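The chain contents come next:
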Amino acid sequence: MKPREFLAHSGRQFGTLVGLFALCAVLWALTPHFLTVSNLLNVAQQTSINAVIAVGLTFVIISGGIDLSVGSLVAFSGVVTASLLQRAVPVPLALLAGLVTGLACGLVNGLLITYGRLPPFIATLGLMSVARGGALLYTDGRPVSGFDEEFRWLATGEVLRVPVPVVIMIVVYVIAHFVLRRTPFGRYLFAIGGNEEAALLSGVRVRLHKTVVYGVCGLLSALAAVMLTARLNSAQPIAGINYELDAIAATVIGGTSLLGGQGSVVGTLIGALIMGVLRNGLNLLGVSSFIQQVVIGAVIILAVLLDTAFKRPKR
Amino acid sequence: MTAIPPAAPLTPRAVLTLRGIRKAYPGVVALDGVDLELRAGEVHVLLGENGAGKSTLMKIISGAVACDAGEVLLDGVPIEIRGPRHAQAVGLGIIYQEFNLIPHLTAGENIFLGREPRLLAGVIDQRALLRAAQKILDELGVAIDARSVVSRLSVAQQQMVEVAKALSLNARVLIMDEPTSALTEQEIRELFATIARLKARGVALVYISHRMEELFAIGDRVTVLRDGRHVGTRLIGETTMSELVRLMVGRDLKDQFPKQAAPVGDEALRVAGLRRNGVLHDINFTLRRGEVVGLAGLMGSGRTELARAVFGADPIDGGRIFVGGHERQIGSPRAAIGLGLGFLTEDRKHQGLVLGLSVQENTCLPSVGAFSRFGVMQVAHESAATAARIAELRIKTPGPHQRVVTLSGGNQQKVVLGKWLTTAAGVFIFDEPTRGIDVGAKVEIYQLINQLAARGAAILMISSELPEILGMSDRILVMHAGRIAGEFTAAEATQEKLLAAALGRAGLHAA
Amino acid sequence: MKTHRFLTLSLITGGFALIAGCNRTEPTSAASVAGATAGKPTVALVVKTLNNPFFLDMQKGAEEAARRFGVNLVVQAADREIDVERQMQIIENLIERKVAALCITPSGSREIVPVIVKANQVGIPVVIVDTRADEKALVAAGGKIATFIGSDNYDGGKLAGAFVAEKLGGKGHLAVLEGIPGHETGDARLRGFREAVAKFPGLKIVVSQPANWERDQGFNVFQNMLQSNPTVTALFACNDLMALGAIEAIASAGKAGKIVVVGFDAQPEARAAITKGTMSATVAQFASRMGSTAVENAVKLLAGEKIADFTPVAIELIK
């Protein structure tokens with residue numbers, strides 16, 4: 001692509017990136033603790049879980065849907081993995097079981113939406129409650145905790161001095177970006193989100209791809225669940241409450257339209273990092289958690305406000 | 001020049017006069033010194049190709065955009081239109097192609113939306129509202145109950161609600177943008193009757209349409225715009241269609257319908273006994289390679305439904321479909337595309353294009369699978385195909401990555417055509433291929449149809465414009481009430497015969 | 001396009017400067033890190049949440065001690081009491097900031113362990129307050145804490161149980177509102193309560209369900225309990241918030257004054273309810289003393305003094 005076309009394509013992400021850098025610059029000026037290698041890795045690690053969930057949500061939102069169940073799926077897949085680990089099931093098998101749980105729940109979402117013709121909001125709202133209840137039932141409401149080092153490596157290990165969660169996040173984003181930009185599946189998501197009828201009449205298997213995208217979202221929630229469980233050395237049935245909102249926030253800050261048909265995972269990554277950096281920075285500055293909530297809300301509103309304000313005259 | 005001098009004597013007084021209107025957008029001058037004079041009780045037709053500046057001019061009158069230079073006089077007094085509400089308040093109304101009605105409110109509530117009569121304490125006086133709304137509808141001479149919910153009204157009735165809404169604001173100038181594009185013949189006649197009543201009340205009407213024959217039926221004067229300039233104003237009675245076309249295009253169009261017959265080959269598509277309960281009944285027809293078959297019929301006669309059923313977009317209840325002589329089950333558009341069918345839908349914005357995606361992404365959408373290897377798209381193939389389409393269809397776009405929403409109607413339609421050329425389809429179903437696009441682009445699309453036929457493609461062309469059907473088809477099918485009600489060769493067909501068949505009044509012709 | 005970016009940038013920048021500025025002008029606030037002066041060590045107190053009066057009391061006590069000993073104090077918490085991941089992030093960020101000592105009220109007894117280990121690795125002493133860290137998990141992970149400061153919740157539960165028995169004359173149907181399951185504090189209170197009532201064969205716990213420490217859930221859960229168990233004559237709630245919620249449910253069921261309600265924490269509102277007669281008793285936990293003792297111990301640690309493994313904070317029943 002020529003530079004001009006690249007900018008037209010990626011201008012929005014570029015803007016968000018400038019916002020992220022600006023944020024970092026301000027924090028650098030305000031506190032000496034921010035711009036250190038260990039703190040930046042720390043931020044990346046803290047961002048990784050939200051970032052992984054947000055990829056799945058970005059896919060779903062680009063396809064014109066929404067998934068409210070991700071937080072509950074984190075809890076459910078987490079306790080499934082954890083309970084298997086406690087029964088001395090080999091780590092790879094327990095991981096696989098957790099991921100399959102997430103995938104299966106996601107596919108249920110997808111089938112309810114495509115074949116059941118439920119609006120995505122309703123279907124995933126339902127599953128949000130079902131999965132949460134399932135997690136509580138399965139564990140009798142108690143956290144499942146205490147795993148061996150092999151599993152904990154997912155949180156504590158390092159690859160080339162980079163923490164494993166950050167490595168997982170990077171790998172997920174590279175794959176997701178490739179899928180979105182270079183595979184028919186990715187292209188179809190944009191087409192379905194942009195105009196489902198036109199996609200159908202162009203021979204796109206709309207129902208298949210819509211079902212799959214919710215499966216992917218569930219799978220990524222389960223991956224986040226595994227990361228969270230390893231990090232806390234515990235899986236809680238009440239984990240992941242409000243995670244869907246954090247993930248939606250990252251997606252929206254990253255420039256993905258809630259109306260579907262446009263967006264990018266690169267933007268979402270930057271959005272998730274903005275949220276992570278904000279929280280980290282406000283902690284470092286000792287700002288109270290109440291003000292933090294106000295600031296994060298304001299950033300979401302600001303990002304979308306600027307987006308729409310500067311898009312309008314171009315039409 | 002035979003233009004009427006602006007100060008023609010003793011004509012009805014001018015309600016609205018525009019002088020020297022100029023409007024520039026970054027990089028393009030949309031209007032350059034345009035004059036327009038609207039008189040009470042006239043139907044003033046505004047003609048011009050897409051991009052000639054008609055919509056910008058209308059937006060200025062309706063207050064949606066402000067002009068850069070020039071003056072607007074209302075009853076001879078200079079006025080500055082400050083915005084849409086202000087325009088309404090001074091009696092300038094507009095009815096857009098896409099209506100601004102709230103579907104789940106009643107006709108009456110829509111007419112008085114935002115200006116509901118109130119009782120004390122701000123409660124809406126529903127009875128007064130309905131009474132006033134019904135009075136306006138009755139005066140218009142339309143049979144609409146003010147209590148009926150808008151979403152249950154036909155398109156024509158919704159349009160009348162829009163007209164009533166404008167009249168409730170005491171509109172003295174009423175702009176109608178392509179008012180007949182979605183109406184049946186009968187509804188058009190009713191619309192024209194209403195327009196006559198409005199004229200009698202002294203309303204000045206601006207009428208925008210691409211259908212030239214309509215202009216002669218109802219217009220009084222016509223103003224032609226080209227490239228943002230005023231190129232002439234004529235009395236309808238003193239001009240001809242060819243003069244107007246010449247003014248619009250800036251050159252002579254030798255032939256509006258450049259039909260070239262291609263050699264007819266083998267059977268490409270055959271439909272036998274096709275049935276869709278309540279919609280299609282016992283449909284039989286054949287398309288041959290190199291043949292253009294026109295499909296005429298009124299709105300609601302089942303033309304589009306037939307196309308969708310053949311293409312697998314709607315389920316069928318019976319019948320057989322043969323492609324290239326073999327019987328096929330077509331369960332989905334995907335299956336149809338796999339068999340070499342292409343379907344250009346009548347509604348390109350809602351069904352044909354993904355407006356937010358680029359020219360390239362739209363052009364390649366049905367072919368994404370073919371352009372992929374091991375699940376990865378081959379960008380080079382996509383770019384090459386898109387570049388080829390842009391060149392052969394002469395699509396005016398800054399580049400393949402331009403979002404199609406920014407293109408003009410004609411160019412958007414070419415992108416839809418490009419989609420099906422890219423799939424290398426052999427059977428094309430074109431549903432209203434030239435709707436809402438300008439004369440120049442129409443001719444280009446006709447030429448493309450010729451080329452496709454010459455290459456051996458079979459084409460089914462659905463159209464509401466009888467001249468187009470007559471001008472471009474080798475054979476013509478006419479639908480009425482879900483059945484094929486007539487079949488004509490190009491030689492024997494006339495407008496009268498087609499219309500009679502479409503109205504279900506013809507004895508069935510032997511093919 | 002470009003203006004857009006710069007506007008975003010300047011707005012975010014401006015917002016930040018404003019927030020940082022606010023903090024600086026409030027030197028008395030707990031969040032006075034930006035104003036930290038060189039030389040003074042910074043002690044951090046991380047509680048479960050700052051929208052529960054119990055922890056606000058703890059914060060007050062800690063602030064008082066910080067002034068007394070001349071140290072900087074940072075108090076932080078997640079928005080939700082149960083958000084263990086967020087609490088972990090906050091502590092990680094404080095470790096990054098290189099605070100001198102950490103006082104923590106864990107949101108999750110086991111979930112807190114990994115981050116204690118992180119603090120150990122960089123040599124920041126950890127003082128646990130109010131809620132114990134899970135002993136077994138801590139040992140397994142090789143983590144260690146400097147001391148635990150807190151009331152014996154088990155004893156508090158016993159006090160509550162004995163009170164209920166006395167009030168009912170050793171006979172009646174009891175209901176219990178639990179905290180979040182698997183939570184050390186709540187479990188200990190519950191254990192103490194159950195053991196105390198078990199001594200009276202006439203007392204029977206007919207229903208016991210979690211209301212997750214929250215007031216609105218206390219209301220809902222107890223309302224449902226009253227529907228299914230109309231014979232209940234006494235309620236033990238593992239904290240005051242749930243008890244206060246339950247009182248509203250009792251009032252709306254028209255049973256005001258007919259059910260003995262015992263809470264835990266002795267929050268001001270609970271004390272007021274006892275005065276009014278809508279609530280019978282609460283177990284006083286002296287959060288403020290916990291806060292000050294925690295800071296005091298942290299200061300001692302920094303001065304190299306030896307401290308006890310466990311500093312009990314008195315507990316008493318308020319009737």
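This is a predicted model, so every value here is computed, not measured.

1. A word on the overall build of chain A
A tally of helices and strands in chain A yields 13 helices and four strands. Over its C-alpha trace chain A gives a radius of gyration of 19 Å, about what one expects of a compact globule, namely 20 Å for 315 residues. Here the C-alpha coordinates of chain A stretch approximately 60 × 55 × 35 Å along the principal axes. The burial tally for chain A puts 61% of its 315 residues in the buried class.

2. What to know about the arrangement of the chains
Of all two pairs of chains in contact, the one with the most contacts involves chains A and C. At the C-alpha level, the nearest point of chain B lies 15 Å from chain C, with no contact between them.

3. Here's the deal with the nonpolar core
Of all hydrophobic cores here, the largest spans 127 residues; its most connected members are F59 of chain A together with L102 of chain C. No other element matches the 13 residues that helix α2 (residues 37-62) of chain A contributes to this core. With residues up to four places along the chain from it excluded, the contact list for L102 of chain C reads A44, V46, I91, L94, I95, A119, I124, P125, V126 and V127 of chain C. Listed in part, the 63 residues of the second largest apolar core include V293, V359, A425 and A453 of chain B.

4. Remarks on the side chain of S151 of chain C
Residues and elements named next belong to chain C. Mapped onto the elements of the fold, S151 is located in the loop between β5 (147-150) and α6 (153-168). Here V313 takes part through its backbone oxygen, which lies 3.2 Å from a polar atom of the side chain of S151. Among residues more than four places away in sequence, those in contact with S151 are Q285, M290, V313, A314 and I315.

5. Observations concerning a nonpolar patch on the surface
Residue and element names in this part refer to chain A. A surface patch of nonpolar side chains, amounting to about 470 Å² of accessible area, comprises V108, L112, L118, F121, I122 and L125. Going through the elements one at a time, α4 (91-114) and α5 (120-139) are the ones with two or more residues in the nonpolar patch. Looking at the nonpolar patch element by element, the count peaks at three residues for α5. For V108, a relative accessible area of 38% corresponds to the partly exposed category.

6. Details of the confidence of the model for chain A
Here chain A shows a mean pLDDT of 90. Residues at 70 or above account for 94%. Mean pLDDT per element in chain A: helix α1 (residues 3-30) of chain A is the minimum at 76, and α4 of chain A is the maximum at 97.

7. Re the pairing of strand β8 (residues 232-237) of chain C
All names here are of chain C. With five of six residues buried, β8 lies mostly within the body of the structure. As judged from the five bridges shared by strand β6 (residues 172-178) and β8, these two strands associate in the parallel manner. Bridging from a neighbouring strand, V176 pairs with F236 of β8. For the crossover that starts at β8, traverses helix α9 (residues 240-252) and ends in the parallel strand β9 (residues 260-265), the hand is right-handed.

8. Examining the pattern of salt bridges
One pass over the full model with this rule turns up 41 salt bridges over all chains. Between E85 of chain C and R231 of chain A there is a salt bridge, with the nearest N and O atoms lying 2.5 Å from each other. Of the two residues, E85 of chain C sits in helix α3 (residues 84-96) while R231 of chain A sits in helix α10 (residues 206-232), which places them in two different chains. As far as the burial class goes, E85 of chain C and R231 of chain A line up, both buried.

9. Structural notes on the interface of chain B and chain A
Tallying the contact residues gives 30 residues for chain B and 25 residues for chain A. Approximately 2,300 Å² of surface area, both sides summed, lies buried where chain B meets chain A, with 58% of it carried by carbon and sulfur atoms. Between chain B and chain A we count two salt bridges in total. E382 of chain B is the partner of R187 of chain A in a salt bridge, and the nearest nitrogen-oxygen pair spans 2.7 Å. Where chain B meets chain A, there are eight residue pairs in polar contact (both at pLDDT 80 or more). For the side of chain B that touches chain A, the elements supplying multiple residues, two or more each, are α10 (333-338), α11 (348-352), β18 (376-377), α13 (379-392) and α14 (409-422) of chain B. Among the elements that line the side of chain B that touches chain A, the one with the most residues is α11 of chain B, at four residues.

10. Quick look at the packing of aromatic side chains
Enumeration according to the criterion identifies nine aromatic pairs over all chains in this entry. Ring geometry for F428 of chain B against F430 of chain B: centres 5.6 Å apart, planes inclined by 50°, an arrangement best described as tilted. By the burial criterion, F428 of chain B is buried, and F430 of chain B matches it. Judged by centre distance (5.6 Å) and plane angle (15°), the rings of F148 of chain C and F310 of chain C are stacked.

11. Some thoughts on the packing of helix α12 (residues 265-284) of chain A against α3 of chain C
Two elements in contact, α12 of chain A and α3 of chain C, have axes whose closest approach is 9 Å; the angle formed by their N-to-C orientations is 55°. Viewed along their axes, α12 of chain A and α3 of chain C adopt a mutual orientation that is oblique. When you trace α12 of chain A past α3 of chain C, the crossing you get is right-handed. On α3 of chain C, the residues that touch R279, N280, N283 and L284 of chain A of α12 of chain A are R86, Q89, I90, N93 and E96 of chain C.

12. What about the sheet that holds strand β16 (residues 341-344) of chain B?
All names here are of chain B. The strand order β16-β19-β20-β13-β21-β22 describes an open sheet built from six strands, whose pairing is mixed. Lying at the two open borders of the sheet, with one neighbouring strand each, are β16 and β22 (483-489). With strand direction ignored, the average angle separating the axes of adjacent strands in the sheet is 20°. Packed on one face of the sheet, α14 meets β16 and β19 (427-431) and runs near 170° to β16. The strands that helix α15 (residues 439-454) touches are β13 (292-297), β19 and β20 (458-462); relative to β20, the one it contacts most, it runs at about 150°.

13. A few points about the environment of N362 of chain B
Residue and element names in this part refer to chain B. Along the chain, N362 turns up in helix α12 (residues 359-364). Distance from N362 to T386, taken between C-alpha atoms, is 9.3 Å for residues 24 residues apart in sequence. Among all residues touching N362, those that are not within four sequence positions of it are L353, V354, L357, V404, V415 and K419.

Scoring rules and cut-offs
- Residues numbered from 1 in each chain as written.
- Chains lettered and ligands numbered in written order.
- Predicted model: local features only at pLDDT ≥ 70, side-chain atom pairs only at ≥ 80, totals over all residues.
- Heavy atoms only, no water.
- Helix = DSSP H or I, 4+ residues; strand = E, 2+ residues; numbered from the N terminus.
- Rg over C-alpha atoms; globule rule 2.2 N^0.38 Å.
- Buried < 20%, exposed > 50% of the residue type's maximum accessible area, 1.4 Å probe, protein only.
- Contact = heavy atoms within 4.5 Å.
- Core = buried A, V, L, I, M, F, W, Y, C linked by side-chain atoms within 4.5 Å.
- Polar contact = N/O pair within 3.5 Å; in protein donor to acceptor, adjacent residues only side chain to side chain.
- Patch = residues over 30% accessible without salt bridge, like charges linked within 9 Å, V, L, I, M, F, W, Y side chains within 5 Å.
- Areas by Shrake-Rupley, 256 points an atom, 1.4 Å probe, with all protein chains shown as cover.
- Salt bridge = Lys/Arg side-chain N within 4 Å of Asp/Glu carboxyl O.
- pLDDT = per-residue confidence, 0-100.
- Pairing = 2+ DSSP bridges.
- Right-handed = clockwise from strand over helix to strand, strands pointing away.
- Buried area = accessible area lost by both parts, 1.4 Å probe.
- Phe/Tyr/Trp six-rings, centres within 6.5 Å; stacked < 30°, edge-to-face > 60°.
- Axes fitted to C-alpha atoms, helices over the stretch in contact; angles between N-to-C directions.
- Parallel < 35°, antiparallel > 145°, perpendicular 65-115°, else oblique.
- Left-handed = near helix turned anticlockwise from the far one by under 90°.

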